[in-house]
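# Descriptive analysis of the structure
Spelled out from the first residue to the last, the chains are:
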Amino acid sequence: MTAEPKPQTYYSQAAIAQLLSSESPIKVERRSYQPCLCERLQSGPGGTRPLTGFELEVLRSAQEQLPLVSQNKLLEIVPGQPQSRLQQPCRLGIVLSGGPAPGGHNVIAGVFEAAKQAHPDNRLIGFLAGPKGIITNKHAEIAGEMVAHYKNSGGFHMLGTGRDKIDTPEKMEQCRQTCAELQLSGLIIVGGDDSNTNAAFLAENLHDLGTRVIGIPKTIDGDLQVPGLCQIPFGYHSACMAFATEVGNLNSDCKSDLKYWHFNRLMGRSASHIALEVAFQTHPNVILIGEEIEEKELTIHEVVRLIADIIVERAKIGKNYGTILIPEGILEFIHEINCLIIKISYIIAAYNREAAEEESFHKLPFEDQVQLIDNSDIWRDYDSRIFLGLPPRLQTGLLLPRDAHGNFQYALVNTERILLDMVATYLRKQRARGIYKGNFRTQNHYYGYDGRGTFPTKFDCDYAYNLGHTAFSLLANGATGYMAALKDLHKPITEWQPIGIPLAPLMHLEERKGRLELVIQKQKVDLESPAFQILAQERQKWALEDDYRFPGPIQFSGAGAEAKPITLMLNALGG
Ligand code: FBP
């Protein structure tokens, strides 16, 4: 029997196109928002003058490697004519560098609009796919329509991004050629610690060409801070709010069906700033802060017990559910694990320096990698004992490839899963001893890349836009080797103070690929800060009571739209 042919259905193509448009209503609405400027930037690019009251010391090795930019003094931008060190009309370059952070497109909008305001024929060139775009001279001219299209949107997709390090004389020479060919008067590098390190070296090396270089503090990790001057980089608030929305939803779910323990790993290589903010936003039952674990010198087994003890206590009062926040970079703060990371990084780097490309460390089978490590002069018997006692998932994680800057890639290790398994093993023992009588059902989650691509909060939209204007003012005054910043972010926008922070004093020596290198120092969570002290008081209540907070999604109007990071506001209470 053959089936009757179905009558053909015709759908309205226009209706389908409207429903499936990539232009979501929120994206369209966001474009119409014009970010606010602080008072000092409202009348166009300003002049600069030294800002006093802050001691900034430059390391000897920074003075040696960056003799020119080491001379820079802290600057503030004041209304008035810039010292017009830019030839008008001028050509400026901009690059988005490192991991995406919500607000990047508004930095571009800020630079573009300030440049056009200064002279309508000023031009802005965007380098494609990160620093590689400068090295290989891949660029696109930024037009007003592009700026309008991407304004207030998340991600870095207007230009793309990348993590290339400008770390050889050849790459530096290629950058010089690009800037000379494009006749750039200024170059703006939007990035984190490694990208601002690139900015400092570019400033030093491009000076004779007349290309001035300004860095912009970006990273969701929140670790590019300068006490009293740059409280937080842009992107941090938006990512934290995106993660907090998810954790808040999990609080709601676990409180409803009383069934699961949710192990949440939150992005933020190294410092635990993100975990701290998400804790304030959501009040989880367990919160780990890497810096505290380091100070208390906890081993990985003690960290497992710390989590398990709260699970046992909650089980005693019939609560077999909860939320746990684990900062992505926690392994760095557990001494015995960090020692292994450093030694293995050194061994990999030393091996790769000698090996041909096709024989590089990560092309070897796992057993051969372990053997190679075991044979190294710097590897001791106790390193082997610790390594072999770790769960296989963690062993494999420790050997993963390092990034272009030699950083351990915490984002690639399932630390939440590793800790979950170790907690489960420990609880089984506690059950056998009659100490634990609860149900341990679990879910594990990782929040990371999603937060980097989220819509920026209003705070980040305004902040990034002001950073773009500040960068232009600094260039217009001939500054080079500075990071643009807005002081007093906890105050109303009109009172934000645009400044230029010299890059050289921010640098310290850090082990990278087995060698000491001059890089911008990351700021860890300060355990003496008001924010951490308040967390330490509050979290005991959060552990046993269900004091869950539901921040909800990022708002652009109405309640919550004007919010700033709670960590920033708490730290400002300290004066
Ligand atoms: P930036 O420091 O460049 O802003 O990047 C931070 C970050 O998002 C970390 O939180 C994360 O560990 C890492 O990048 C992930 O890197 P990748 O994109 O290379 O996987």
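Residues numbered from 1 in each chain as written. Predicted model: local features only at pLDDT ≥ 70, side-chain atom pairs only at ≥ 80, totals over all residues. Heavy atoms only, no water.

### A few points about the nonpolar core
Counting residues in each nonpolar core, the largest one holds 117 residues, and the members touching the most others are Ile94, Tyr463 and Ile501. Here this core gets 10 residues from one element, more than from any other, and that element is helix H20 (residues 458-476). When residues are assigned to domains, this core turns out to be shared by domain 1 (60-235 + 456-520) and domain 2 (261-328 + 433-454 + 526-575), each giving three or more. With sequence-adjacent residues up to four places away left out, tyrosine 463 is seen in contact with Pro217, Cys230, Ile232, Pro233, Phe234, Leu486, Leu489 and Trp496. Counting residues in each nonpolar core, the second largest holds 46 residues, with Val303, Val312, Ile334 and Ile347 among its members. (Core = buried A, V, L, I, M, F, W, Y, C linked by side-chain atoms within 4.5 Å. Buried < 20%, exposed > 50% of the residue type's maximum accessible area, 1.4 Å probe, protein only. Helix = DSSP H or I, 4+ residues; strand = E, 2+ residues; numbered from the N terminus. Domains from an automatic or database assignment. Contact = heavy atoms within 4.5 Å.)

### Some words on the packing of aromatic side chains
All told, the structure shown has nine aromatic pairs when counted by the stated rule. Plain terms: the ring middles of tyrosine 463 and tryptophan 496 are 6.1 Å apart, the flat faces sit at 75 degrees to each other, and that makes the pair edge-to-face. Remark: tryptophan 496 occurs in the loop between strand S12 (482-487) and strand S13 (497-502) and tyrosine 463 occurs in helix H20; sequence separation between them is 33 residues. Taking relative accessible area as the criterion, tyrosine 463 reaches 0% and is therefore assigned buried. (Phe/Tyr/Trp six-rings, centres within 6.5 Å; stacked < 30°, edge-to-face > 60°.)

### As for the domain arrangement of the chain
Domains assigned within the chain are domain 1 (60-235 + 456-520), domain 2 (261-328 + 433-454 + 526-575) and domain 3 (331-413). At the interface, 16 residues of domain 2 touch 14 residues of domain 3. Summed over both sides, the interface of domain 2 with domain 3 buries roughly 1,200 Å², with 59% coming from carbon and sulfur. Summed over the three residues of domain 2 that lose the most area to domain 3, namely Arg269, Ser270 and Ile300, the buried surface amounts to 42% of that side. Summed over the shared surface of domain 2 and domain 3, the result is one salt bridge. Elements that contribute at least two residues to the side of domain 2 that touches domain 3 include exactly helix H11 (290-295) and helix H12 (300-316). Tallying contributions element by element places H11 first for the side of domain 2 that touches domain 3, with four residues. A class-by-class count of the residues in the side of domain 2 that touches domain 3 yields eight nonpolar, three polar and five charged. (Buried area = accessible area lost by both parts, 1.4 Å probe. Salt bridge = Lys/Arg side-chain N within 4 Å of Asp/Glu carboxyl O. Nonpolar A, V, L, I, M, F, W, Y, C, P; charged D, E, K, R; others polar.)

### Description of the site of the ligand
Close to the ligand lie 13 residues, the nearest being Gly99, Arg163, Asp221, Glu328 and Tyr449. Contacts to the ligand include lysine 218, whose side-chain N or O atom sits 3.0 Å from an oxygen atom. Calculation on the ligand without its partners gives an accessible area of 480 Å², and the protein chains cover 88% of this total. Taken together, the residues that form the shell around the ligand break down as three nonpolar, four polar and six charged. Counting the residues that make up the shell around the ligand, at least three belong to each of domain 1 (60-235 + 456-520) and domain 2 (261-328 + 433-454 + 526-575). (Near = heavy atom within 4 Å. Polar contact = N/O pair within 3.5 Å; in protein donor to acceptor, adjacent residues only side chain to side chain. Areas by Shrake-Rupley, 256 points an atom, 1.4 Å probe, with all protein chains shown as cover.)

### Quick word on the packing of helix H4 (residues 104-118) against H20
Packing of H4 against H20 leaves a shortest axis separation of 7 Å and a crossing angle of 40 degrees. Relative to H20, the element H4 is oriented oblique. Crossing hand, H4 versus H20: right-handed. For the pair H4 and H20, the contacting residues are Asn106, Val107, Ala109, Gly110, Val111, Glu113, Ala114, Ala115, Gln117 and Ala118 in the first and Cys461, Ala464, Tyr465, Gly468, His469 and Phe472 in the second. (Axes fitted to C-alpha atoms, helices over the stretch in contact; angles between N-to-C directions. Parallel < 35°, antiparallel > 145°, perpendicular 65-115°, else oblique. Left-handed = near helix turned anticlockwise from the far one by under 90°.)

### Points about the state of the cysteines
Taken as a whole, this structure holds zero disulfides when the rule is applied. Cysteine 90 takes part in no disulfide bond, and the closest cysteine sulfur to it belongs to cysteine 179, at a distance of 13 Å. We note that cysteine 175 lacks a disulfide partner, and the nearest cysteine sulfur, in cysteine 179, lies 6.6 Å from it. (Disulfide = S-S within 2.5 Å.)

### Here's the deal with a negative patch on the surface
A contiguous patch of negative charge on the surface is contributed by Glu294, Glu295, Glu297, Asp526 and Glu528. One can find glutamate 294 in helix H11. (Patch = residues over 30% accessible without salt bridge, like charges linked within 9 Å, V, L, I, M, F, W, Y side chains within 5 Å. Lys, Arg positive; Asp, Glu negative; His and termini not counted. Charge placed at Lys NZ, Arg CZ, Asp CG, Glu CD.)

### Description of a nonpolar patch on the surface
A cluster of nonpolar side chains, Tyr11, Ile16, Leu19 and Leu20, forms an exposed patch at the surface whose accessible area comes to about 500 Å². Within the secondary structure, isoleucine 16 sits in helix H1 (residues 13-19). Assessed through its relative accessible area of 32%, isoleucine 16 is described here as partly exposed.

### Observations concerning the pairing of S13
Judged by how many residues are buried, S13 sits mostly within the fold: six of six residues are covered. By the alternation rule, side chains of S13 split into Gln497, Ile499 and Ile501 and Pro498, Gly500 and Pro502, which are all buried. In the sheet, strand S2 (residues 75-78) pairs with S13 via two bridges, with the strands oriented antiparallel. Bridge pairing in S13 places leucine 75 opposite glycine 500. Of the strand pairs in this sheet, S12 and S13 are connected by six bridges, and their pairing is antiparallel. Bridging across to S13, leucine 486 finds its partner in proline 498. (Pairing = 2+ DSSP bridges.)

### Notes on helix H21 (residues 530-544)
Within H21, the axis deviates most sharply at glutamate 538, by approximately 35 degrees. Turning to H21, its buried residues number three or more, namely Ala531, Phe532, Leu535, Arg539, Trp542 and Ala543. Where H21 is buried, its residues meet helix H10 (273-282), strand S9 (286-287), H11, H12 and helix H22 (566-573). (Bend = angle between axes of the 7 residues up to and from the residue.)

### Observations concerning the pattern of salt bridges
In total, this model carries 32 salt bridges according to the counting rule given. Of the charged contacts, one joins arginine 176 and aspartate 208 as a salt bridge, the two residues approaching to 2.8 Å between their closest N and O atoms. Taken together, the residues span a long stretch of sequence, with arginine 176 in helix H7 (residues 169-182) and aspartate 208 in the loop between helix H8 (193-206) and strand S7 (212-217) at a distance of 32 residues. One salt bridge connects arginine 539 with glutamate 292, and the closest N-O pair in it is separated by 2.7 Å. Taken as a pair, arginine 539 in helix H21 and glutamate 292 in helix H11 lie far apart in primary sequence, 247 residues in all. For glutamate 292, a relative accessible area of 11% puts it in the buried group. Via salt bridges that share partners, Asp193, Asp194, Glu510, Arg512 and Lys522 belong to a single interconnected network.

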